[in-house]
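Geometric and topological summary
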Amino acid sequence: MTDSVTPRSPLRALWGATHPGPTLVVTVLSLALGIAAGVEPWRLAVLVAAVFAGQVSVGLSNDAIDGARDAAVGRTDKPIAGGAVTPERALAVAVASAILAVVLSLPLGPGLVAAHAVALASAWAYNAGLKSTPVSIAPFVLSFGLFPSFATLSLSPPMLAAWWASLAGAALGAAVHLTNVVRDLDDDRRTGVRGLPHRLGARRSVVLAAVGIAAGALAVFFGTDATALGVAFFVAVLALAVGAAVLVFVRPPGRAVFQLTMLAALVLAAQLVAA
């Protein structure tokens, strides 16, 4: 058991149940997109705080709902499954964080409030049961597709993000879902979770994720003016996506394939910000 789940550090244990890595990545991405869109400083600070609160709520609700499943497959490294945080406490903080995320969105206008509320509802729906259905990918496509608009809806006057940005966001979300679940396919099957990646299998999931990443890169490339930096990002994303698709047929899907696909997704995110 790690120190993040020791009874002596309840706040660290609670933080460990928020999925800290994805929470911070998405929060930093909101900051980068806001800067790129030219959101004024006070609005940007509020946006980042709102996104952070929302991601905390999503991560905590995921682990709170999955606590019994995680314990059943021996995931005692997770704070809730390991007993460092009760599901009830995590769920209470998750609800409070979701409310805080919407309240923080209020000063930025009704457009952002609506987009953020839809994205949060979508993520919570995934945690609550959609993850075990053939449409498990839908919440990721919807939430990430809306995400680029968080920055542009925070502007004065507000506006929706360009079509290519929304398409790239949706592709990124699909890739994150398809790739992230690959690591837990066996554990998920043991606990009755059968989302789209489980039905497709690891290889087809990785290939579909790579195709989605490539499609997102193409949308950004053709939707914006070609610059040296844009071309460099485009080539890098395509090379990584193709590499992941090839690698998955060369060796059994494992850590290397996961890391390569996630790297391609991160470079796509960087391409989106740079555009």
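Structural notes, computed from the coordinates. Along each chain, residue indices are assigned from 1 in the same order as the chain's sequence is written. Per-residue local features of the predicted model are confined to residues with pLDDT of at least 70, and side-chain atom pairs are confined, for both listing and counting, to 80 or more; whole-chain, interface and lining totals are unaffected and use all residues. Hydrogens and water molecules were not included; the side-chain quantities draw on all heavy atoms of the structure.

Side note on the overall build of the protein chain
Under the convention used in this document: Helix numbering and strand numbering both begin at the N terminus, where a helix is a DSSP run of H or I of at least 4 residues and a strand a DSSP run of E of at least 2. Radius of gyration means the value over C-alpha atoms here, while the globule rule gives 2.2 Å times the residue count to the 0.38 power.
Along the backbone of the protein chain there are 13 helices and zero strands. What you see in the protein chain, going N to C, is helices and strands ordered as α-α-α-α-α-α-α-α-α-α-α-α-α. For 275 residues, the compact-globule formula gives about 19 Å, and the C-alpha radius of gyration of the protein chain, at 19 Å, lands near that figure. The C-alpha extent of the protein chain, read off along each of the three principal axes, is 50 × 50 × 30 Å.

A closer look at the pattern of salt bridges
Oppositely charged side chains can form a pair if their charged atoms are brought close together. Put simply, the rule is: Criterion for a salt bridge: a side-chain nitrogen of Lys or Arg within 4 Å of a carboxyl oxygen of Asp or Glu. For every residue, the accessible area obtained with a 1.4 Å probe (protein chains only) is divided by the maximum for its type, and the residue is called buried under 20%, exposed over 50%, and partly exposed between those limits.
In total, this model carries three salt bridges according to the counting rule given. The closest approach of N and O atoms between Arg43 and Glu40, which form a salt bridge, is 3.3 Å. Arg43 gets classed as buried once you look at its relative accessible area, which sits at 12%. The exposure class assigned to Glu40 is partly exposed, which follows from its relative accessible area of 37%. When the shortest N-O distance is used, the salt bridge between Asp66 and Lys131 registers 2.5 Å. In this pair, Asp66 is assigned in the loop between helix 3 (41-65) and helix 4 (67-72) and Lys131 in the loop between helix 6 (110-128) and helix 7 (138-153), connecting sequence segments 65 residues apart. By relative accessible area, which is 7% here, Lys131 ends up buried.

Comments concerning the packing of helix 5 (residues 87-105) against helix 6
Short version of the rule: Note on definitions: angles span 0 to 180 degrees between N-to-C directions of axes, and those axes are lines fitted to C-alpha atoms, for helices only across the stretch in contact. To sort the angles, those under 35 degrees are grouped as roughly parallel, those over 145 as roughly antiparallel, those from 65 to 115 as roughly perpendicular, and the leftovers as oblique. Should the near helix be turned anticlockwise from the far one by less than a right angle, the crossing is termed left-handed; should it be turned clockwise, right-handed. Between two residues, a contact is recorded if the distance between any of their heavy atoms is within 4.5 Å.
The interhelical angle for the contact between helix 5 and helix 6, taken along N-to-C directions, is 160 degrees, at an axis separation of 8 Å. When the axis of helix 5 is compared with that of helix 6, the two are roughly antiparallel. Like other packed secondary-structure pairs, helix 5 and helix 6 cross with a definite hand, here right-handed. Residues Leu91, Ala94, Val95, Ala98, Ala101, Val102 and Ser105 of helix 5 form the contact with helix 6, whose participating residues are Leu112, Val113, His116, Leu120 and Trp124.

Quick notes on the packing of aromatic side chains
Counted only if it meets this: Side-chain rings of Phe, Tyr and Trp (the six-membered ring for Trp) are treated as a pair once their centres are within 6.5 Å; stacked means planes under 30 degrees apart, edge-to-face means over 60, and tilted covers the remaining angles.
Going through the model one piece at a time under the given rule, you end up with six aromatic pairs. Taking the centre distance of 6.1 Å and the plane angle of 35 degrees together, the rings of Trp15 and Phe52 count as tilted. Separated by 37 residues along the polypeptide, Trp15 in helix 1 (residues 10-16) and Phe52 in helix 3 bring together distant segments of the chain. Ring geometry for Phe221 against Phe234: centres 4.3 Å apart, planes inclined by 15 degrees, an arrangement best described as stacked. Of the two residues, Phe221 is situated in helix 11 (residues 202-223) and Phe234 in helix 12 (residues 228-250); the sequence distance between them amounts to 13 residues. Following the ring pairs from residue to residue traces out a cluster consisting of Tyr126, Phe140 and Phe144.

Considering unusual backbone geometry
Residue Pro157 follows Ser156 across a cis peptide bond; omega there is 5 degrees. Inspection of the secondary structure assignment puts Pro157 in the loop between helix 7 and helix 8 (163-182).

Comments concerning the side chain of Thr179
For clarity, the cut-off: Under this definition, polar contacts are N or O atom pairs within 3.5 Å; protein pairs additionally need one hydrogen-donor-capable and one acceptor-capable atom, and for neighbouring residues in sequence, both atoms have to be side-chain atoms.
The residue Thr179 is located in helix 8 in this model. Owing to a relative accessible area of 1%, Thr179 belongs among the buried residues under this scheme. Within the structure, Thr179 has its side chain in polar contact with the backbone oxygen of Ala175 (distance 2.8 Å).

A closer look at helix 13 (residues 255-274)
Under the convention used in this document: Under the convention used throughout, the expected extent of a helix is 1.5 Å for every residue step, that is, one less than its residue count.
Across its 20 residues, helix 13 extends 28 Å between first and last C-alpha, which sits within 8% of the 28 Å expected from 1.5 Å per residue. Buried residues of helix 13: Val257, Phe258, Thr261, Ala264, Ala265, Val267, Leu268, Ala269, Gln271 and Leu272, and no others. Buried residues in helix 13 make contact with helix 2 (20-37), helix 7, helix 8, helix 11 and helix 12.

Notes on helix 2
Compared with an ideal rise of 1.5 Å per residue, which puts 18 residues at 26 Å, helix 2 spans 26 Å between its outermost C-alpha atoms and is within 8% of the ideal. Contacts made by the buried residues of helix 2 are with helix 1, helix 3, helix 7, helix 8 and helix 13. Of the residues flanking the end of helix 2, it is Gly38, one or two places downstream, whose phi is positive at about 80 degrees.

Considerations on the nonpolar core
Note the threshold: By nonpolar core we mean a set of buried residues, namely Ala, Val, Leu, Ile, Met, Phe, Trp, Tyr and Cys, connected to one another through side-chain atoms within 4.5 Å.
In terms of nonpolar packing, the biggest core is built from 49 residues, with Leu47, Phe147, Phe150, Leu172, Ile213 and Leu272 touching the most fellow members. Mapped by element, the contributors of at least two residues to this core are helix 2, helix 3, helix 6, helix 7, helix 8, helix 11, helix 12 and helix 13. With nine residues, the single largest contributor to this core is helix 8. Setting aside anything within four residues of it in sequence, one finds Ile213 in contact with Ala175, Val237, Ala241, Thr261, Ala264, Ala265 and Leu268. Grouped together as the second largest cluster of nonpolar side chains are 10 residues, Ala13, Ala17, Leu60 and Ile80 included.

Concerning the environment of Leu14
Topologically, Leu14 is positioned in helix 1. A sequence separation of 79 residues divides Leu14 from Val93, and the C-alpha atoms of the two residues are 9.0 Å apart. The contact partners of Leu14, leaving out residues within four places of it in the chain, are Leu60, Val85, Ala90 and Val93.

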